[in-house]
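Each chain, letter by letter, is given below.
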Amino acid sequence: MNKKTVAAALSTVALAASLSACSSGEAATESASTTSCTNKIVHADAPKVSVWAWYPNMAKVVDNFNNSHTDVQVCWTVAGQGAPEYAKFQTAIQAGKGAPDVIMLEADQLTGFELQNALVDLSPYGAADVKKNFSDGSWKDVSQGGSVYAIPVDGGPMAMIYRKDVLDKYGIKPPTTWAEYETAAQKVKDAGGPAFGDLGSNVPAALTALMAQKGAVPFTYDLADQKKISIQLDSQPAKDVLNYWAGLVKKGLVGTQDQFTTDYISGMVGGKYATYVSAAWAPGYLTGSGVGKGKEKGTFAVAALPQWDASNPVSVNWGGSTFAVTSQAGDKKLAAEVAKGLYADDASLTDGWKTQTIFPLNQNVLRSAAFINNRVDFFSGQTANKDIYIPAENSYKGFSYSPFTVYYYAQLQAETVKINSGKVTGDEAASELQNTMVNYAKSQGFTVN
């Protein structure tokens, strides 16, 4: 199986929606051409690097970069958020033209594009110069062996957001283990209270992260041996997690509503759920939706993600984006400078975290007194960064993603729907998922270990 074979196979996969830390809802553009910039070019004589990105505050970020650089200018357009952008990028890969010089990609999507030779190894272009700015885990997410295929920007260390009023009403302390979580959920249900949490079928990345927390390694893949992949979706840890959540659903302790919908957000803000197991960027959805109209302030707090073994805590990540240089970049060295420097300056990073647009991965922010000691309004003045999110990010070990993340997420979503409807157990869902993914991988030319 050569790279062309794999590329052709991967291009047939339907690109499904991928939820992440960042969203904008801006209209998609159709071209990577630097004649269609949506931003102002400050230094007209400087060479231009085209960028696709959808961060909500990207206009400020690009202006900050262009105002501080006379040697290069960013020409920015929005090619869609997540899946729509990936689809356009895949089309450009197949056509051999039309891709931007620099592209925003979620970390879990990198491997599939790396395999197609669509991304540039940044190690010859000074990637090591910025490695010190990131945790080992976030750097692992963008690396393959000695190669580095993107520069991290934001991430999603997971924690448990909870409604203080609900837990106080029922005399419950934030659970520190998943066993305590279930006990607390049962107590609230027995007292006639709201659902304790939610198993939305449309958040397969979150469920995968929770499986990893238990010790599951769903995929092991290395570009150095492109023909081989290990798939362990029916391992005992994976089954344990699926069975756990299936049990909560069966007992009526958690809801089964898709997340990120208006109904879900209004339910969370309105007290329909006691907890929200999510990432550091989640408050931005609750406050930025307009659904709560400010009513959400003062009612929420955050605690560390419940653990399977409190004496051996494990941090996991959901979401987060990067900047990668595409193989179609005209000047790869210059594009690499943009990838390393865009959304890396103090002004952009400060705007990002203060508006809850991103959870920055840059250690210059994570070590700053302003970020560490920030009392988060959404969390009733809690120093959530210092207490919860920074320790979670710095102890995150990274994750091994597959070359077909989108297809895998679609299959996990389908199995979660079956769990929520009571059609399968966690064990059955894990076995079905394993069989489906092994067969799919083999059909695409992989040897499965």
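Before any of the text, the structure's been laid out above.
Residues numbered from 1 in each chain as written. Predicted model: local features only at pLDDT ≥ 70, side-chain atom pairs only at ≥ 80, totals over all residues. Heavy atoms only, no water.

Draft legend 1. Region of interest: the packing of helix α8 (residues 178–190) against helix α10 (residues 236–250). Between α8 and α10, whose axes approach to 11 Å, the crossing angle comes to 5°. Judged by the angle between their axes, α8 and α10 are roughly parallel. Here α8 contributes Trp 178, Tyr 181 and Glu 182 to the contact with α10, which in turn contributes Tyr 244, Trp 245 and Leu 248. Classifying every residue of the contact of α8 with α10 by side-chain character gives five nonpolar, no polar and one charged. (Axes fitted to C-alpha atoms, helices over the stretch in contact; angles between N-to-C directions. Helix = DSSP H or I, 4+ residues; strand = E, 2+ residues; numbered from the N terminus. Parallel < 35°, antiparallel > 145°, perpendicular 65-115°, else oblique. Contact = heavy atoms within 4.5 Å. Nonpolar A, V, L, I, M, F, W, Y, C, P; charged D, E, K, R; others polar.)

Draft legend 2. Examining empty space enclosed by the protein more closely. If you walk through the whole model with that rule in mind, you get two cavities of 30 Å³ or more. For the largest cavity, the calculated volume is near 150 Å³. Together, 17 residues line the largest cavity, and Asp 198, Leu 210, Trp 245, Gln 259 and Val 277 are the ones closest to its centre. Contributing elements (two or more residues each) for the lining of the largest cavity: β8 (197–198), α9 (204–214) and β12 (275–279). A per-class count over the lining of the largest cavity returns 12 nonpolar, four polar and one charged. Looking at the second largest cavity, it is lined by 15 residues, and the ones nearest its centre are Ala 107, Asp 141, Asp 154, Asn 317 and Leu 361. Counting residues per element, the ones that place at least two in the lining of the second largest cavity are α6 (136–141) and β14 (321–325). (1 Å grid on protein atoms, 1.4 Å probe; cavity = no way out; pocket = protein on both sides within 12 Å on 5 of 7 lines; lining within 4 Å. Points joined across faces, edges and corners; volume = space filled by probe spheres on them.)

Draft legend 3. Region of interest: the pairing of strand β10 (residues 228–231). As paired strands, strand β9 (residues 219–221) and β10 are joined by three bridges and run antiparallel to one another. Looking across to β10, one finds that Thr 220 is bridged to Ser 230. With antiparallel pairing between neighbouring strands as the criterion, β9 and β10 make up a hairpin whose turn holds six residues. (Pairing = 2+ DSSP bridges.)

Draft legend 4. Here's a closer look at the environment of Lys 332. You can see Lys 332 is positioned in helix α13 (residues 332–341). For Lys 332 and Asp 121, which are 211 residues apart along the polypeptide, the C-alpha to C-alpha distance reads 9.9 Å. Non-local contacts of Lys 332, meaning those with residues more than four positions away in its chain, are made with Val 120, Tyr 125, Val 325 and Ser 327.

Draft legend 5. Quick look at the packing of α9 against helix α18 (residues 405–420). Contact pair α9 / α18: the axes reach a minimum separation of 9 Å and the direction vectors enclose 85°. Between α9 and α18, the crossing angle belongs to the class labelled roughly perpendicular. Residue-level inspection shows Pro 204, Ala 205, Leu 207, Thr 208 and Met 211 of α9 in contact with α18, the latter providing Tyr 408, Tyr 409, Leu 412, Gln 413 and Thr 416. Of the residues assigned to the contact of α9 with α18, the class counts are seven nonpolar, three polar and no charged.

Keep in mind these numbers describe shape, not what the thing actually does.
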